[in-house]
Amino acid sequence: MSKTQKLVAIKGMNDILPPESAKWEWLEDKVRDLMARFAYRNMRTPIVEPTALFVRGLGEVTDIVEKEMYSFEDRLNGEQLTLRPEATAGVVRAVVEHTMLYEGGKRLYYMGPMFRHERPQRGRYRQFHQIGAEALGFPGAEVDAELILLAHSLWQEIGLQNIELQLNSLGQPEERKAHRAALIEYLEKNLDVLDEDARRRLYSNPLRILDTKNPAMQELVNAAPRLFDFLGEASLAHFETVKTILDANGVKWTLNPRLVRGMDYYNLTVFEFITTQLGSQGTICGGGRYDYLIEQIGGKPAPAVGWALGVERVLELLKEQEQPVPEPTSDAYAIIPDAQALPTVMATLQKLRMAGVTVQMHSAVTAGEGMGSMKSQFKKADASGARFALIFGPDEMARGAVTVKSLRDGNGQQVEQPLADIDTWAATLHITG
Ligand code: ATP
Ligand code: MG
């Protein structure tokens, strides 16, 4: 590559720039606040993990492990590594590694980038972001319901509407085994309808065939034996409890007996929150119970349940629904006619900021030409969206004062305030969160 050739980001990996980034921060703040109210604690795991963690955790015959992982060899020590395609496996690894379940269950959440080599399109990227919640060590169906309520509450907090909650139960391993046998028998009788993917998975992972997006196979899939019909009493009771709690909270749901989810590790309750407003990338959040994953990753057997949402899809849906997201504004913009005043001005701004006021200082963009005309500074002040201009003119400075001029009300009211006594008037400027 020549030195002058432009360097650009990798396809499907996006820069998140202002003002868009403010929406991300807004959403993340909402999440942090809500997670705290549900007593879920933040957890941060590495973005790179041993490849074996995902192969073991997610299942060898899943889309992610078969074709979507960014895996590579560490050229310094030959280790096989993978950029995390999801975070549950890493959370479980960390929980086991640090014996976090020693004193009982844990409620955890995370946010961060994930990586999957998929075909980039609206709502589908190669670096995308998830926010996830996991409750580990709790076997009860009430915790499944709590997690669903947590996601449901988030939609309410951020103003998302028309999201459908689909539920299913995948039962327990023995029930899946009986269903699997019936399913294979059924699919063997219809070999001619199966596509290449389905034939390959017929014996390795027949349940995933039901998850196909191939229209030619829909009829076959619709008439296939349903796992739900193979559930025993205990599994049904677990599912019943989840539904009863959701009903008591007025959370609407529909049963989708074909919901199987992309990872192998789920059992009992699985769920997705779905919208029709994002084209084919309609799942904004998915999750379920994964009581066997901890053991599979080498921990002492312990139950767990969790979900993950796609941040890009949630933000795109907010935009689609024209839900207003507050934009950051400044309380004040400092207008500085003479650079000689800068030491005093900046000492003043510093005090204002420490008193909680949001202040943007005017700065020259051309070297050697001073601070710029008053007119151009006022233009910048207006464009900044600030509510007040702080004018540090020579007359005010001589009196040890600053002029505070309103930029929002039509007649531009202004008052002079003393620099020596900032605490008495700082609060009158402070409007931003
Ligand atoms: P899909 O069926 O759309 O591929 P998935 O089942 O692979 O989704 P999960 O692994 O359950 O998705 O991840 C949880 C959420 O993360 C999804 O519901 C979605 O909102 C988001 N997500 C998954 N893959 C991507 C991606 N490539 N780009 C953007 N968001 C994604
Ligand atoms: Mg996927």
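Residues numbered from 1 in each chain as written. Chains lettered and ligands numbered in written order. Predicted model: local features only at pLDDT ≥ 70, side-chain atom pairs only at ≥ 80, totals over all residues. Heavy atoms only, no water.

S.K.: Sorry if this is basic, but what is going on with the layout of surface pockets here?
M.R.: Using a probe with the size of a water molecule, rolled over the atoms, empty space left in the structure can be pinpointed. Of the voids in this model, the second largest pocket is the one considered here, and its volume is about 480 Å³. What lines the second largest pocket is a set of 24 residues, and nearest its centre among them are Arg176, Arg180, Asn205, Leu207 and Asp264. If you list the elements that add at least two residues to the lining of the second largest pocket, you get α6 (173–188), α8 (206–209) and α11 (293–296). (1 Å grid on protein atoms, 1.4 Å probe; cavity = no way out; pocket = protein on both sides within 12 Å on 5 of 7 lines; lining within 4 Å. Points joined across faces, edges and corners; volume = space filled by probe spheres on them. Helix = DSSP H or I, 4+ residues; strand = E, 2+ residues; numbered from the N terminus.)

S.K.: How do you make sense of the site of ligand 1 when you look at a structure like this?
M.R.: Around ligand 1, a shell composed of 16 residues is seen, among which Arg116, Glu118, Arg124, Gln130 and Arg261 lie nearest. Thr283 places a main-chain nitrogen or oxygen 2.9 Å from an oxygen atom of ligand 1. For ligand 1, the protein covers 90% of the area, taking 590 Å² as the surface of the free molecule. Only β6 (127–136), β10 (283–289) and β11 (304–310) provide two or more residues apiece to the shell around ligand 1. For the shell around ligand 1, the leading source of residues is β10, giving three residues. (Near = heavy atom within 4 Å. Polar contact = N/O pair within 3.5 Å; in protein donor to acceptor, adjacent residues only side chain to side chain. Areas by Shrake-Rupley, 256 points an atom, 1.4 Å probe, with all protein chains shown as cover.)

S.K.: Quick question: what am I supposed to make of the nonpolar core here?
M.R.: Side chains of nonpolar character tend, in soluble globular proteins, to be buried together. In terms of nonpolar packing, the biggest core is built from 94 residues, with Trp155, Phe273, Ile284 and Trp307 touching the most fellow members. Looking at this core element by element, the count peaks at ten residues for helix α5 (residues 141–158). Counting residues in each nonpolar core, the second largest holds 20 residues, with Ile336, Met371, Leu390 and Ile422 among its members. (Core = buried A, V, L, I, M, F, W, Y, C linked by side-chain atoms within 4.5 Å. Buried < 20%, exposed > 50% of the residue type's maximum accessible area, 1.4 Å probe, protein only.)

S.K.: Would you mind going over the pairing of strand β14 (residues 388–391) with me for this structure?
M.R.: In summary, the side chains of a regular strand alternate between the two faces of the sheet. Side-chain alternation along β14 places Phe388 and Leu390 on one buried face and Ala389 and Ile391 on a second face that is also buried. Where strand β12 (residues 332–335) lies against β14, four bridges are found, and the strand directions are parallel. Note that in β14 the partner of Ala334 across the bridge is Leu390. Across four bridges, the pairing between β14 and strand β15 (residues 401–406) is antiparallel. Across the sheet, the residue bridging to Ile391 is Thr403, located in β15. (Pairing = 2+ DSSP bridges.)

S.K.: Can you help me understand the packing of α5 against helix α10 (residues 233–248) in this one?
M.R.: The axes of two packed helices give the description: the angle between them and the distance between them. For the pair α5 and α10, interaxial distance at closest approach is 8 Å and the crossing angle is 40 degrees. Comparing the axis directions of α5 and α10 gives the class oblique. Considering how the two elements wind past one another, α5 and α10 form a crossing that is right-handed. Contacts between α5 and α10 involve Ala141, Glu142, Asp144, Ala145, Ile148 and Leu149 from the former and His238, Thr241, Val242, Ile245 and Leu246 from the latter. (Axes fitted to C-alpha atoms, helices over the stretch in contact; angles between N-to-C directions. Parallel < 35°, antiparallel > 145°, perpendicular 65-115°, else oblique. Left-handed = near helix turned anticlockwise from the far one by under 90°. Contact = heavy atoms within 4.5 Å.)

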